[in-house]
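Structure at a glance
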Amino acid sequence: LTPDALTYNNILYSHLRSKDKSKALNQILAIVEHMEKAGLEEPKMKPDSFSYNIVLKAWVQSRRPEAALEAVKTLTKMRELWILGDTAAKPSNHHYNIVINALAKSRQHLDARQAYELMLQMQTSKECQPDIITYTSVIECFSKSNDPEAADISIDLLRQATAIYEETKNPQMMPNMRTYSMVISAIGTNPTLQNVLTARELLVELLESYDETQDADLAPNAFPFNYALNCAANCIGSSTEKIKAFQSAAQTYNDLRKRENVTPDS
């Protein structure tokens, strides 16, 4: 009997669960390469979206410096195969989210614009749409970048996600505490007085939303407060503007002290 993709996928999955993540990656890549070559003559042996999902996870788990870039290459391969007619290799939003999150967590190859382009690619697709995980991961990329438009783009992405959620009521599009935290962090990359005040406004918006709904996904921890405080502390501008930023920080700190289950840190 000739093994098919399902047989190989079971083997791939067993390697993915191995404790030695670097060795597992090498084994997984070798098996998928064999599947790709064998699939030229025996189509049922070709890797499918599940096979490539394991490859993506293996790269992420390996923690290799090149992991994010290799994940992007794997996703690109999937998309090209799908465009050429290999429907089994069609990427889903889950595949995109793995790759975008890998870019957000990468220290060597953080590329906010690349993550942003991947999300735009999803938006133009009829088969695959971004969810709040996508939006949040892209915003996280900008929060860690030196992109001069990081603050503005992140705010726009939050408003875009909010508008989609309000229109569709799709729970997978609801901005959560982490979404707000990443936007406030991104705003801190350009701490003008206006952005200091915007960061404060978004923090208040988060707090009011949680108080109104008691939704656990909106429950604040110390991070959004700290990001708003850091933004105010680093305010650029005149002495008058810095005083207003300090006043904003004082309000934020008072809000933090009043919050149950949220403790100020050092």
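Preceding block: the structure.
In this report, we go over the structure that sits alongside the text. (Residues numbered from 1 in each chain as written. Predicted model: local features only at pLDDT ≥ 70, side-chain atom pairs only at ≥ 80, totals over all residues. Heavy atoms only, no water.)

1. Some remarks on helix H12 (residues 239–258)
- In this model H12 runs 29 Å from its N-terminal to its C-terminal C-alpha over 20 residues, within 8% of the 28 Å that 1.5 Å per residue would give.
- Looking at the buried residues of H12, the elements they touch are helix H10 (193–213) and helix H11 (222–233). (Helix = DSSP H or I, 4+ residues; strand = E, 2+ residues; numbered from the N terminus. Expected span 1.5 Å × (residues − 1). Contact = heavy atoms within 4.5 Å.)

2. Some remarks on unusual backbone geometry
- If you check the backbone angles, Arg 63 has positive phi at about 60° while not being a glycine.
- Note on placement: Arg 63 falls in the loop between helix H3 (49–62) and helix H4 (67–83).
- The exposure class of Arg 63 is exposed, given its relative accessible area of 75%.
- Non-glycine residue Lys 169 carries a positive phi angle of around 60°.
- Inspection of the secondary structure puts Lys 169 in the loop between helix H8 (150–168) and helix H9 (177–187). (Buried < 20%, exposed > 50% of the residue type's maximum accessible area, 1.4 Å probe, protein only.)

3. Details of the layout of surface pockets
- As a volume, the largest pocket reaches approximately 410 Å³.
- Forming the boundary of the largest pocket are 15 residues, of which Val 60, Arg 63, Ala 102, Lys 105 and Ser 106 lie nearest the centre.
- Of all elements in the fold, only H3, H4 and helix H5 (93–105) reach the threshold of two or more residues within the lining of the largest pocket.
- Grouping the constituent residues of the lining of the largest pocket by class yields 7 nonpolar, 4 polar and 4 charged.
- Of the pockets and cavities examined, the second largest pocket occupies roughly 290 Å³.
- Every residue lining the second largest pocket is counted, 14 residues in all, and those nearest its centre are Tyr 165, Met 174, Tyr 180, Ser 209 and Leu 218.
- Taken together, the elements giving at least two residues each to the lining of the second largest pocket come down to H8 and H10.
- Per-element tally for the lining of the second largest pocket: the top contributor is H10, with 5 residues. (1 Å grid on protein atoms, 1.4 Å probe; cavity = no way out; pocket = protein on both sides within 12 Å on 5 of 7 lines; lining within 4 Å. Points joined across faces, edges and corners; volume = space filled by probe spheres on them. Nonpolar A, V, L, I, M, F, W, Y, C, P; charged D, E, K, R; others polar.)

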